[in-house]
Amino acid sequence: MFRVTTTSDTYLTRIGTLIRDARRHQGLTQSELADLLGTSQSAVARIEQGKQNLSLEMLARVGEKLDSEFVSLGHSGPQHLRIVGGQKLSGSIPVKTSKNAAVALLCASLLNKGRTTLRSLARIEEVNRIIEVLTSIGVRVRWLPDSNDLEIVPPARLELENIDVGAARRTRTVIMFLGPLLHDLPEFQLPYAGGCDLGTRTVEPPLSALRHFGLDVTATHGFYEAKVDAERHPSRAIVLTERGDTVTENVLMAAARYPGTTVIRNASSNYMVQDLCFFLEGLGVTVEGVGTTTLTVTGVDHIDTDIEYSPSEDPIEAMSLIAAAVVTGSTITIERVPIEFLEIELATLEEMGLRFDTTEEYLAKNGHTRLVDLTIHPGPLRAPVDKIAPMPFPGLNIDNLPFFALIAACAEGTTMIHDWVYENRAIYLTELTKIGGQVQLLDPHRVMITGPTPKWRAAEVMCPPALRPGVVILLAMLAAPGTSVLRNVYVINRGYEDLAERLNALGATIETFRDI
């Protein structure tokens, strides 16, 4: 981003260079950009040479077409939300496609020497960070005009030495580059993974599993140093010590380019893993056992296919919208809900007294995932008889657990939430006390919540540094009469596209602002 501070020729030249680079990054010719802007190729040429005076309106139009911001007016610090709560919601809202499937598919595109087009991808910060990493190593990535479709074209040779370390360290997804890269590079280096602050999340499970494919990794000075023994291949079934999504995806991607058969036991069968399996099948890889804990993968040594794929909808976003309806006492219809990944959650909520209706099932655009439209009705809830704890799919999803804390705060009685996976995410749920919730921290993994909350109250809160707890605080603020402020919501933007605007369409009042 370039901040305009002068009217000299210097800034015109610098902006012209930025526009030229952004155009090339999007894979457009000067003529194609001219068509998008409704101007001539010669005008675009003059702009890029710094020989054309530019209005702020024209700069904004160029930025919109190239998905780049060239001018910033005012402060560019953290983004905050101002919420006027205590209002009922109503209407319908569709669920966006899955964040976690999107990041897996972006990594899996590295397996393919052909063009990968991912349809209806969520434009979220997590996706933006991976795009920055991919672009830095030579991959051509561009949003297709007027759409959420992303086109990915790999270079003849990846330039790992140029990797954007800053972007890589702001996402845990970079760890999923290991599986795709190990077949093409005898040795390479990746920055340590980042993402949400959820405590120590070991990377040992994927590293251990990938040793079957010859990958050995050592950690030195903030980087993973990877070396590959091309003679080492799986000689028996790979048994995962943790039924995790990331480790399963990494092994799947490694197996996709191994021209033999790999059996993966104790595999995750979660939604993002299934989307990855369907995508790999589109690339010519054979995957048996999709949806089970045993996957049998027959890979191919070379993949060069032009493929289009539409990931399914996000069950975690759907759950957050259910929580929004509950905490505000509203009737809303949530469209395109991936029901097979929310059946345990809905069964638990039904036992708590939640009333809801569903339509007949229909298929997602990936041709596999079952969807319904779900209408939530307000009414009294009661605490569950037992504690609420997550389990690997088909159990209650770990990422949905924080939303049960918010719902428990609306239910009569006391509920224990046991987040046994992450060392400190449960701690962030105590932030609900600032908005009136009655939350008692028992230890770093367990909280006790007493409901119903007598009165939600407006407050100013710093957003927790973890995605789902951050959204929980935002949704609680929707129920609190008065004006609340949630500060520094980058972590929410990592996983949700235009959440404030979409909630506003249901009747919420949420304003995005920055400090001046």
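Residues numbered from 1 in each chain as written. Predicted model: local features only at pLDDT ≥ 70, side-chain atom pairs only at ≥ 80, totals over all residues. Heavy atoms only, no water.

Caption draft 1: The overall build of the chain, seen in detail. Within the chain, the secondary structure is distributed over 18 helices and 24 strands. A compact globule built from 516 residues should have a C-alpha radius of gyration of about 24 Å, and the chain, at 24 Å, falls within 12% of that. When the backbone C-alpha atoms are referred to their principal axes, the chain occupies close to 65 × 65 × 50 Å. Among the 516 residues that make up the chain, the fraction classed as buried is 56%. A separation of at least 24 residues holds for 73% of the contacts in the chain among residues at least 6 apart in sequence. Within the structure as shown, the chain displays about 20,800 Å² of accessible surface, and the carbon and sulfur contribution to it stands at 48%. Looking at charge distribution, the chain has the averaged site of its 48 positive side-chain charges lying 4 Å from that of its 62 negative ones. (Helix = DSSP H or I, 4+ residues; strand = E, 2+ residues; numbered from the N terminus. Rg over C-alpha atoms; globule rule 2.2 N^0.38 Å. Buried < 20%, exposed > 50% of the residue type's maximum accessible area, 1.4 Å probe, protein only. Contact = heavy atoms within 4.5 Å. Areas by Shrake-Rupley, 256 points an atom, 1.4 Å probe, with all protein chains shown as cover. Lys, Arg positive; Asp, Glu negative; His and termini not counted. Charge placed at Lys NZ, Arg CZ, Asp CG, Glu CD.)

Caption draft 2: Structural context of unusual backbone geometry. For the bond from F393 to P394, the omega torsion is 15°, close enough to zero to count as cis. With an omega of -5°, the peptide bond running from G451 to P452 counts as cis. Of note, P452 is situated in the loop between β21 (446-451) and β22 (460-462). Phi at D146 takes a positive value of approximately 55°, unusual for a residue other than glycine. Relative to the assigned elements, D146 resides in the loop between β4 (140-143) and β5 (150-153). Given the relative accessible area of 74%, D146 is considered exposed.

Caption draft 3: View of the side chain of E345. Mapped onto the elements, E345 comes out in helix α13 (residues 343-351). Here E345 falls in the buried class, since its relative accessible area comes to 1%. With residues up to four places along the chain from it excluded, the contact list for E345 reads M319, L396, N397, N400 and F404.

Caption draft 4: Up close: helix α5 (residues 99-108). The buried count for α5 comes to ten of ten residues, which makes it a mostly enclosed element. Those residues of α5 that fall on the buried side of the exposure criterion are K99, N100, A101, A102, V103, A104, L105, L106, C107 and A108. Capping of α5 at its N-terminal end is provided by S98; its side-chain oxygen lies 3.3 Å from the backbone amide nitrogen of N100. (Polar contact = N/O pair within 3.5 Å; in protein donor to acceptor, adjacent residues only side chain to side chain.)

Caption draft 5: Focus on the packing of aromatic side chains. Applying the stated criterion to the full structure yields four aromatic pairs. When the ring of F213 is compared with that of Y258, the centres are 6.1 Å apart and the planes differ by 75°; the resulting orientation is edge-to-face. Taken together, the residues F213 in the loop between α9 (204-210) and β7 (215-220) and Y258 in the loop between α10 (245-256) and β10 (261-265) connect sequence positions 45 residues apart. Grouping residues by exposure puts F213 and Y258 together as buried. The structure contains a cluster of three or more aromatic residues connected by ring pairs, namely Y271, F341 and F393. A cation sits over an aromatic face here: R169 above F223, 4.9 Å from the ring centre. A cation sits over an aromatic face here: R170 above Y490, 4.3 Å from the ring centre. (Phe/Tyr/Trp six-rings, centres within 6.5 Å; stacked < 30°, edge-to-face > 60°. Lys NZ or Arg CZ within 6 Å of the ring centre and 35° of its normal.)

Caption draft 6: Focus on the pairing of strand β8 (residues 223-228). As paired strands, strand β6 (residues 187-191) and β8 are joined by five bridges and run antiparallel to one another. Each bridged residue has a counterpart across the sheet, and for P191 the counterpart in β8 is F223. Alignment of β7 against β8, held across six bridges, turns out to be antiparallel. Bridge pairing in β8 links D216 to K227. Connecting the antiparallel pair β7 and β8 is a turn made up of two residues, with H221 showing a positive phi of about 55°. (Pairing = 2+ DSSP bridges.)

Caption draft 7: Structural context of the nonpolar core. If you look at the biggest cluster of nonpolar residues, it comprises 151 residues, and the most contacted ones within it are F177 and L486. L486 has contacts with H80, L81, I83, V461, M462, C463, G470, I473, L474, M477 and I492, leaving out every residue within four places of it along the chain. Core analysis: the second largest hydrophobic core is formed by 14 residues, A22, L28, V44 and M58 among them. (Core = buried A, V, L, I, M, F, W, Y, C linked by side-chain atoms within 4.5 Å.)

Caption draft 8: A look at the pattern of salt bridges. Counted according to the given criterion, the structure contains 23 salt bridges. One salt bridge connects E497 with K96, and the closest N-O pair in it is separated by 3.5 Å. With E497 in the loop between α17 (490-495) and α18 (499-504) and K96 in the loop between β2 (90-94) and α5, this pair connects stretches of sequence that are 401 residues apart. Under the relative-accessibility criterion, E497 is labelled buried at 8%. Accessibility expressed as a relative area gives 27% for K96, which makes it partly exposed. Among the charged side chains, a salt-bridge network with shared partners connects R115, R140, R142 and E151. (Salt bridge = Lys/Arg side-chain N within 4 Å of Asp/Glu carboxyl O.)

Caption draft 9: Layout of the environment of A167. Mapped onto the fold, A167 is located in helix α7 (residues 165-168). With 35 residues separating them along the chain, A167 and E132 place their C-alpha atoms 6.5 Å apart. Ignoring any residue separated from it by four or fewer positions in sequence, one finds A167 in contact with R129, E132 and V133.

Caption draft 10: Quick peek at the sheet that holds strand β13 (residues 307-309). Taken in spatial order, the four strands make up an open sheet running β4-β5-β3-β13, and their pairing is mixed. Each edge of the open sheet carries a strand with a single partner, namely β4 and β13. Taken over all neighbouring pairs, the strand axes of this sheet differ in orientation by 15° on average, direction set aside. As paired elements, strand β3 (residues 116-118) and β13 share three bridges and run parallel to each other. Residue T116 lies in a different strand from β13, and its bridge partner there is I307. The strands touched by helix α6 (residues 125-136) are β4 and β5; relative to β4, the strand with the most contacts, the crossing angle is about 145°. (Axes fitted to C-alpha atoms, helices over the stretch in contact; angles between N-to-C directions.)

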